[in-house]
Amino acid sequence: MAASSTSRSLLLAAAAAIILALSSEPCATAAKSGRSPSAHLTAGFTHVKLAESQFVVQKPYDVPLRERYEESGGVRRMWVFASDKPISSSHPGGARTEIKVNKIYSSGVWQFEGDMFVPSGTSGASVMQIFGAATHATTLMLHVYGGRLTYYHQLTRVLADRVYDRWVRLNVVHDVARGNVTVFVDGERKLSAAGQGGKEHYFKFGVYKQSHHQPSRRMESRWKNVAVYTKP
């Protein structure tokens, strides 16, 4: 009777080991393949080849570029101070160091993808936007306030908490014909919003001081693996 019980226990243990191995195999395969958590979001899209010259840096007009922008090891680092001047003497608006992705589109479905890092303390800054709209400047702006990623300056529309001091994968899909924008954070859908019309659009990323909710004295964001995709 004891031998039978022992055999049964051994069989159950073996079965549990097999089930555990099978359940963990997909994760191991995904890890070996190096697929990102957002790989499924770009399926069906065509990668747009961009030259370095299409990453146009916009920074305060009265300081050298090296004092507000740095690129090293594939990471683009941008920062401003709240007291900085605009990007040109004739251009109104808050201080900014941003990159304009100089690929203008007016139809189809377009997707921005990038890994973003916001150091703690940065608050009151736009970190990514879709430029171009019918009645104002942008179709989308994503801001950071106190470690929260928000839709424009609306503190009730939080896309992610605790974005400070970690890499966050950001995917933004703009369907021009349907007039909508969808934002994914670390592969998860976090926002669906109406488009703002307009005839021409392009993506921007970096830091751009906002006047809402007491912006911090210094603002910074870092970016890597930035890519653009499209489909008809």
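Residues numbered from 1 in each chain as written. Predicted model: local features only at pLDDT ≥ 70, side-chain atom pairs only at ≥ 80, totals over all residues. Heavy atoms only, no water.

*Asks:* Run through the pattern of salt bridges, naming residues and quoting values.
*Replies:* In this structure the tally under the stated criterion is 14 salt bridges. Residues Glu70 and Arg77 are paired through a salt bridge, measuring 3.4 Å at the closest nitrogen-oxygen approach. The exposure class of Arg77 is partly exposed, given its relative accessible area of 21%. With its nearest N and O atoms 2.9 Å apart, the salt bridge here joins Glu220 to Arg77. One end of the pair, Glu220, is in strand β15 (residues 218-231); the other, Arg77, is in strand β4 (residues 75-81), with 143 residues separating them in the sequence. By relative accessible area, Glu220 is classed as buried at 3%. Beyond isolated ion pairs, a larger network of salt bridges with shared partners links Glu70, Arg77, Arg218, Glu220 and Arg222. (Salt bridge = Lys/Arg side-chain N within 4 Å of Asp/Glu carboxyl O. Buried < 20%, exposed > 50% of the residue type's maximum accessible area, 1.4 Å probe, protein only. Helix = DSSP H or I, 4+ residues; strand = E, 2+ residues; numbered from the N terminus.)

*Asks:* Got a sec to walk through the packing of aromatic side chains? Specific residues and values, please.
*Replies:* Here the distance between the centres and the angle between the planes together describe a pair of aromatic rings. The full count for this structure, using the stated rule, is nine aromatic pairs. Plain terms: the ring middles of Tyr105 and Phe203 are 5.6 Å apart, the flat faces sit at 40 degrees to each other, and that makes the pair tilted. Taken together, the residues span a long stretch of sequence, with Tyr105 in the loop between β5 (96-101) and β6 (109-117) and Phe203 in strand β14 (residues 202-209) at a distance of 98 residues. The two residues Tyr105 and Phe203 agree in class, both being buried. Seen from their ring centres, Phe131 and Tyr202 are 5.0 Å apart, and the 15 degrees between their planes marks the pair as stacked. Placement of the pair is Phe131 in strand β7 (residues 125-131) and Tyr202 in strand β14, with a sequence separation of 71 residues. The rings of Tyr105, Trp110, Phe112, Phe203, Phe205 and Trp223 are connected pair by pair, giving a single aromatic cluster. Across the ring face of Trp79, the terminal group of Arg77 is positioned such that the distance to the ring centre comes to 4.2 Å. Just above the ring of Tyr208 sits the side chain of Arg96; from NZ or CZ to the centre is 3.7 Å. (Phe/Tyr/Trp six-rings, centres within 6.5 Å; stacked < 30°, edge-to-face > 60°. Lys NZ or Arg CZ within 6 Å of the ring centre and 35° of its normal.)

*Asks:* Break down the sheet that holds strand β9 (residues 148-151) for me, with residues and values.
*Replies:* With respect to topology, seven strands assemble into an open sheet ordered β2-β5-β14-β7-β8-β9-β10, the strand pairing being antiparallel. With one partner strand each, in any of the chains shown, β2 (55-58) and β10 (154-160) form the two edges of the open sheet. Strand-to-strand twist across the sheet, computed as the mean angle between neighbouring axes with direction ignored, equals 25 degrees. Bridge analysis of β7 against strand β8 (residues 138-145) gives six bridges, and the strand direction is antiparallel. Opposite Met128, over in β8, you have Leu142 as the bridge partner. (Pairing = 2+ DSSP bridges. Axes fitted to C-alpha atoms, helices over the stretch in contact; angles between N-to-C directions.)

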